[in-house]
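In case you want the letters, here they are:
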Amino acid sequence: MIGRLNHVAIAVPDLATASNTYSSTLGAKVSEPEDLPEHGVSVVFVELPNTKIELLHPLGDNSPIAKYLDKNTSGGMHHVCYEVEDILAARDQLVADGAKILGDGEPKIGAHGKPVLFLSPKDFCGTLVEIEQV
Ligand code: CO
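Only a predicted model underlies this, so the values are computations on that prediction, with no experimental measurement involved.

**Q** What is the right way to look at the pattern of salt bridges in this model?
**A** Pairing is possible between side chains that carry opposite charge, provided their charged atoms lie close to one another. For the structure on display, the rule yields 5 salt bridges. Its salt-bridge partner being Arg4, residue Glu83 comes within 3.9 Å of it at the nearest N-O pair. Residue Glu83 is found in strand β6 (residues 76-84), and its partner Arg4 is found in the segment before β1 (5-11); the two are separated by 79 residues along the sequence. Of the charged contacts, one joins Lys108 and Asp104 as a salt bridge, the two residues approaching to 3.5 Å between their closest N and O atoms. Relative accessible area serves as the criterion here: at 48%, Lys108 is assigned to the partly exposed category. One network of salt bridges, with partners in common, ties together Arg91, Asp92 and Glu106.

**Q** Is there a simple way to think about the side chain of His79 in this case?
**A** Within the secondary structure layout, His79 lies in strand β6. Polar contacts involving the side chain of His79 include one to the side chain of His78, which spans 3.0 Å. Other than its neighbours up to four places away in sequence, His79 contacts His7, Val8, Ala9, Leu56, Phe118, Leu128 and Glu130.

**Q** Mind showing me how you'd approach the nonpolar core here?
**A** Soluble globular proteins: nonpolar side chains tend toward being buried together. With 22 residues, the main nonpolar core has Ile10, Ile53, Leu55 and Ile131 as its most contacted residues. At the level of elements, β1, α1 (15-25), β4 (41-47), β5 (52-58), β6, α3 (87-96), β8 (115-119) and β9 (129-133) are the ones that each hand at least two residues to this core. Setting aside anything within four residues of it in sequence, one finds Ile131 in contact with Tyr82, Val84, Ile87, Ala90, Leu94, Pro115, Val116, Leu117 and Leu119.

Reading the values: the criteria
- Residues numbered from 1 in each chain as written.
- Predicted model: local features only at pLDDT ≥ 70, side-chain atom pairs only at ≥ 80, totals over all residues.
- Heavy atoms only, no water.
- Salt bridge = Lys/Arg side-chain N within 4 Å of Asp/Glu carboxyl O.
- Helix = DSSP H or I, 4+ residues; strand = E, 2+ residues; numbered from the N terminus.
- Buried < 20%, exposed > 50% of the residue type's maximum accessible area, 1.4 Å probe, protein only.
- Polar contact = N/O pair within 3.5 Å; in protein donor to acceptor, adjacent residues only side chain to side chain.
- Contact = heavy atoms within 4.5 Å.
- Core = buried A, V, L, I, M, F, W, Y, C linked by side-chain atoms within 4.5 Å.

Note that all results are geometric; they support no functional claim without further evidence.
Given below as structure tokens:
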């Protein structure tokens, strides 16, 4: 069902420091920070030859990553995103297999303008999984 790894998202307590770590220390190509108010995050996109890293920092009062950073004060891996061809077909198959879809179970438009869903970490080895239709 799943295809390519689209991105790994890392929650960070300081976006400028994290961006500098990836650009200077690790020598990666990083974007300017972007605020995504509808997702409650500011993000820096790190472009790697085979995938992307997203550095996420909370934006606004109800950021979905605020609690994560409360527990993981130096930051940490927040989720992985796998590509699927048909998100509704993928969702229906996952639900049929007993997986729990977070939220209302309907795809939302994600940070790249494409439909996404999040799956409960309980069903996937303790890792929050995002699927994105490409
Ligand atoms: Co993501």
